[in-house]
Amino acid sequence: MFDRVGQFLKPKQLARMQQSKLRRIVRYAYRNVPLYRKRFDEAHVKPESIRSLADLEKVPFTVKTDLRDTYPFGLLAVPPNRLHCLHASSGTTGKPIVVAYTQGDLERWGRLMGRTLDTTGVRKGDVLQNMYGYGLFTGGLGFHYGARAIGATVVPASSGNTKRQLMLMKDLRTSVVTCTPSYMVYLIEASKAEGYDPKTDFALKIGIFGAEPWSEEARQRIQGAFGLRAHDVFGMSELYGPGVGIECEEQNGLHVWEDEFLTETINPETGEVVEPGKEGELVFTMLSREAMPLLRYRSRDLSTIIKEECSCGRYHNRIKRIKGRSDDMLIIGGVNVFPSQVEHVLMNIRDVGDQYQIIVSHKELDRLAVKVEVPGNRLNDASLAKKIRDDLFAVLSIHADVELVQLGTLPRSEVGKALRVVDLRPKG
Ligand code: AMP
Ligand code: ZN
């Protein structure tokens, strides 16, 4: 096993480590990053007053716009010549967020990724086909470093080129795949279209899927089609990249590596800390980041901390699967709707295909339309459309217009994260 000690830290050891690392990183950030010095001074908080984990609440938040406003290097705590790597997050508008790593940061990230892979059962000798994009996106290299750390055989396939992916998967006897869950769902139909039997032509054992929200139902479909065990993995560029949280064999919440990422949930409106077991916005404090320390970084991702012991024996707290980002939430006629809720409903209905699209428009009132792929013989099946509409209403309390469309007609994304929402409402 890789980094068994780190994986199985006992609660007392973990708390001791967190406390001493927290004290150190707060002083380090204050000394080396002008923005932190300003924030602490404005809040009249002395870094020396952060002595225990209970003092964390006094530390001012850091937010995404802090990184945008100080683009590209505003939060650097080291001279630029100490940087060994720069990545940038997929910014949708304007400038991206640039994230920086010292040699020490890269080594730490690699070890955390090694631990993350090991937790899912990946071992030396496994052939890991890494279908996350290599490049500025942290997914590709993050998994690459993890595979290198544990000595698995990494195939740096990167994203896209589906036919070649499938060929490699078969010919190289790939045992582990890593990619976005939406791409793996797409590979179910793509492999059949290419004449493969997903269960018998491939030798997949483990899949590690993340970078976007997905549902338990999508997991069941992937596992059923390929006969593998599918694990949810969570991370974000600002927190090194992937490898912040991973599902163990229990597949019941993601263990967050708390010797590196101190995790809280807050009420996104008031900033108040909410107790474990209640949903809130995840806030992370990186305990060892050298190049770009992040204190109480507001992720905008909504989840719930699970404090209960896990039967796998790891004491790192778990978080529930991410519901979505607060910015992904659609407000439709005053009702909050997360795309992940729609997916949850659709994937539970047996005759529905794997692809869907959510269209929001406004004509006097906000309207929600859902396009769902079904086999040709169900296109005019009014009772199926009604069932989808009723099930959506039961979860969302919204009447949606349901349109059944032919399998294979909705857009698929072969690269990066799925784009499933079209919002046609006028902005502003
Ligand atoms: P990026 O910085 O481009 O890697 O994007 C990070 C964001 O992707 C996170 O803040 C989440 O919103 C989303 N994300 C990453 N992993 C997951 C996951 N396992 N489930 C849901 N959303 C995820
Ligand atoms: Zn566990």
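Per chain, residues are indexed from 1 in the order of the written sequence. Each chain is given a letter, starting from A, and each ligand a number, starting from 1, according to the order in which they appear as written. Side-chain atom pairs in this predicted model are given and counted only at pLDDT of 80 or more, local residue features only at pLDDT of at least 70, and totals for whole chains, interfaces and linings cover all residues. Side-chain figures throughout are based on the complete set of non-hydrogen atoms in the structure, without hydrogens or water.

Asks: Talk me through the overall build of the chain; I want residue IDs and the actual numbers.
Replies: Looking only at helices and strands, the chain has 11 helices and 21 strands in total. Compactness check: the chain gives a C-alpha radius of gyration of 22 Å against a globular reference of 22 Å for 428 residues, within 12% of the reference. Overall, the C-alpha framework of the chain stretches about 70 × 55 × 40 Å when taken along its three principal axes. Partly exposed describes any residue whose relative accessible area lies between the buried limit of under 20% and the exposed limit of over 50%, with all areas from a 1.4 Å probe on protein chains only and scaled to the type maximum. When the 428 residues of the chain are sorted by exposure, 54% land in the buried category. Secondary structure is summarised from DSSP: a helix means a run of H or I of at least four residues, a strand means a run of E of at least two, and numbering begins at the N terminus for each. The quantity called the radius of gyration is restricted to C-alpha atoms. Its globule counterpart is 2.2 Å times the number of residues to the power 0.38.

Asks: Any chance you could break down the site of ligand 1 for me, citing the residues and the numbers?
Replies: In the vicinity of ligand 1 lie 17 residues, with Asp232, Val233, Ser237, Asp301 and Arg325 positioned nearest. The contact in question runs from a nitrogen atom of ligand 1 to an N or O atom on the backbone of Pro213, over 3.5 Å. Think of a polar contact as two N or O atoms within 3.5 Å of one another; within protein, one of them needs to be a possible hydrogen donor and the other a possible acceptor, and neighboring residues in sequence only count if both atoms come from side chains. Between Asp232 and ligand 1, the recorded distance is 2.7 Å, taken from a side-chain N or O atom to a nitrogen atom. Values of accessible area rely on a 1.4 Å probe in the Shrake-Rupley scheme; residue burial ignores everything except the protein chains shown. A total of 500 Å² of accessible area belongs to ligand 1 in isolation, and the protein chains cover 94% of it. The element best represented in the shell around ligand 1 is strand 7 (residues 229–236), accounting for five residues. We call a residue near a given molecule or strand whenever any one of its heavy atoms falls within 4 Å of it.

Asks: Kindly report on the nonpolar core, identifying the contributing residues and their values.
Replies: Among buried residues, the Ala, Val, Leu, Ile, Met, Phe, Trp, Tyr and Cys ones that are joined through side-chain atoms within 4.5 Å form a nonpolar core. Residues Val122, Ile208, Phe234 and Phe261 are the most contacted members of the largest nonpolar core, which totals 65 residues. Membership of the second largest hydrophobic core comes to 25 residues, among which are Val337, Ile358, Val370 and Val374.

Asks: Can you lay out the pattern of salt bridges for me, pointing to particular residues and giving the numbers?
Replies: Oppositely charged side chains may form a pair once their charged atoms are brought near each other. What makes a salt bridge here is a side-chain nitrogen of Lys or Arg within 4 Å of a carboxyl oxygen of Asp or Glu, nothing more. Going through the model one piece at a time under the given rule, you end up with 33 salt bridges. Here Asp354 makes a salt bridge to Arg221, at a shortest N to O gap of 2.6 Å. Of this pair, Asp354 sits in the loop between helix 10 (339–347) and strand 18 (356–363) while Arg221 is found in helix 9 (residues 216–226), placing the two residues 133 residues apart along the sequence. You'll find Asp354 and Arg221 in the same group, each marked buried. For the salt bridge of Glu343 with Arg420, the shortest nitrogen-to-oxygen distance reads 3.5 Å. Highlighted residues: Glu343 in helix 10 and Arg420 in the loop between strand 20 (401–406) and strand 21 (421–423), separated in sequence by 77 residues. Among the residues examined, Arg420 registers a relative accessible area of 15% and is labelled buried. Overlapping salt bridges bring together Arg82, Asp105, Arg108, Arg289 and Glu290 as one network.

Asks: Which residues make up the packing of aromatic side chains, and what are the values?
Replies: Geometry of aromatic contacts follows a simple scheme: Phe, Tyr and Trp rings, the Trp one being its six-membered ring, pair when their centres are within 6.5 Å, and the pair is stacked under 30 degrees between planes, edge-to-face over 60, tilted otherwise. By the definition in use, this model includes 12 aromatic pairs. Here the aromatic rings of Tyr132 and Phe137 are separated by 6.5 Å at their centres, their planes lie at 50°, and the arrangement is tilted. By relative accessible area, Phe137 is classed as partly exposed at 28%. Seen in terms of ring centroids, Phe209 and Trp214 are 5.7 Å apart; in terms of plane orientation they differ by 85°. Their pairing is edge-to-face. What makes Phe209 buried here is its relative accessible area of 0%. Within the aromatic cluster, the residues linked to one another by ring pairs are Tyr101, Trp109, Tyr145, Tyr240 and Phe261. Lying over the aromatic face of Phe8, Arg4 brings its terminal NZ or CZ to 4.8 Å of the ring centre. We call a charge positioned above a ring when the Lys NZ or Arg CZ atom is no farther than 6 Å from the ring centre and deviates by at most 35 degrees from the ring normal.

Asks: A description of the pairing of strand 7 should follow, citing residues and the corresponding values.
Replies: One face of the sheet, then the other: side chains in a regular strand alternate in exactly this way. With respect to burial, strand 7 is a largely interior element, six of its eight residues being buried. Summarising the sheet, strand 6 (residues 206–210) and strand 7 pair through five bridges and their orientation is parallel. By the bridge assignment, Ile206 is partnered in strand 7 with Arg229. Orient the strands so they point away from the viewer; a crossover is then right-handed if the path from the first strand over the helix to the second runs clockwise. A crossover links strand 6 with its parallel partner strand 7, the connecting element being helix 9, and its sense is right-handed. Note on pairing: two strands pair once DSSP finds at least 2 bridges between them. Between strand 7 and strand 8 (residues 241–247), which pair antiparallel in sequence order, lie four residues; one of them, Tyr240, sits at a positive phi of approximately 75°.

Asks: Would you mind going over the coordination of the zinc ion (ligand 2) in detail, with residue names and values included?
Replies: Each metal site is built from N, O and S donor atoms within 2.8 Å (3.2 Å for Na, K and Ca), and since water is not included, such sites may look incomplete. Protein coordination of the zinc ion (ligand 2) is provided by Cys248 (SG), His255 (NE2), Cys310 (SG) and Cys312 (SG), with donor distances spanning 2.0 to 2.3 Å. Because the angles between the four donor atoms bound to the zinc ion (ligand 2) fall within 103 to 115°, the donor set is best described as tetrahedral. Sequence positions of the donors to the zinc ion (ligand 2) reduce to the motif C-x6-H-x54-C-x1-C. In this pair, His255 is assigned in strand 9 (residues 254–256) and Cys310 in the loop between strand 13 (297–306) and strand 14 (318–319), connecting sequence segments 55 residues apart. According to the relative accessible area criterion, Cys310 is buried, its value standing at 6%. Note on geometry labels: four donors, all angles 85 to 135 degrees, give tetrahedral; four donors become square planar and six octahedral when opposite donors are over 155 degrees apart and every other angle is between 65 and 115; remaining cases are irregular.

Asks: So what's going on with the layout of surface pockets? Which residues, and what values?
Replies: Detection works on a 1 Å grid of protein atoms alone, calling trapped sets that fit a 1.4 Å probe cavities and calling open sets with protein on both sides within 12 Å along at least five of seven lines pockets, with lining residues defined by an atom within 4 Å of a point. Grid points are joined across faces, edges and corners, and a volume is the space filled by probe spheres set on the points. Reported here for the second largest pocket is a volume of approximately 570 Å³. Lining of the second largest pocket is provided by 28 residues; of these, Gln18, Glu258, Thr263, Lys307 and Asn317 occupy positions nearest its centre. For the lining of the second largest pocket, the secondary-structure elements that each account for two or more residues are helix 2 (11–32), strand 10 (261–266), strand 11 (273–274) and strand 13. Class assignment for the residues of the lining of the second largest pocket results in 14 nonpolar, six polar and eight charged. Note that Gly is not counted as nonpolar here; it falls among the polar residues with everything else outside the nonpolar set of Ala, Val, Leu, Ile, Met, Phe, Trp, Tyr, Cys and Pro and the charged set of Asp, Glu, Lys and Arg.

Asks: Give a description of the sheet that holds strand 20 that names residues and reports values.
Replies: The strands making up a sheet associate through backbone hydrogen bonding, with each pair oriented either parallel or antiparallel. On the basis of which strands lie adjacent, the open sheet formed by four strands has the order 20-19-18-21 and mixed pairing. Unpaired on one side and paired on the other, strand 20 and strand 21 mark the two borders of the sheet. Averaged over all neighbouring strand pairs, the angle between strand axes comes to 20°, with direction disregarded. Relative to strand 20, strand 19 (residues 365–374) is paired through six bridges, and the arrangement is parallel. What sits directly across from Val372, in strand 20, is Leu404. To get an axis, a line is fitted to the C-alpha atoms, and for a helix only the part in contact is used. The angle between two axes follows their N-to-C directions and goes from 0 to 180 degrees.

Asks: Quick rundown of the environment of Gly139? Include the residues and the values.
Replies: Mapped onto the secondary structure, Gly139 falls in helix 6 (residues 138–150). You can call Gly139 buried: its relative accessible area is 2%. Measuring from C-alpha to C-alpha, the distance between Gly139 and Lys192 comes to 27 Å, with 53 residues separating the pair along the chain. Filtering out sequence-adjacent residues up to four positions away, Gly139 remains in contact with Asn130, Tyr132, Gly133 and Pro242. Here, two residues are considered to be in contact whenever any of their heavy atoms come within 4.5 Å of each other.

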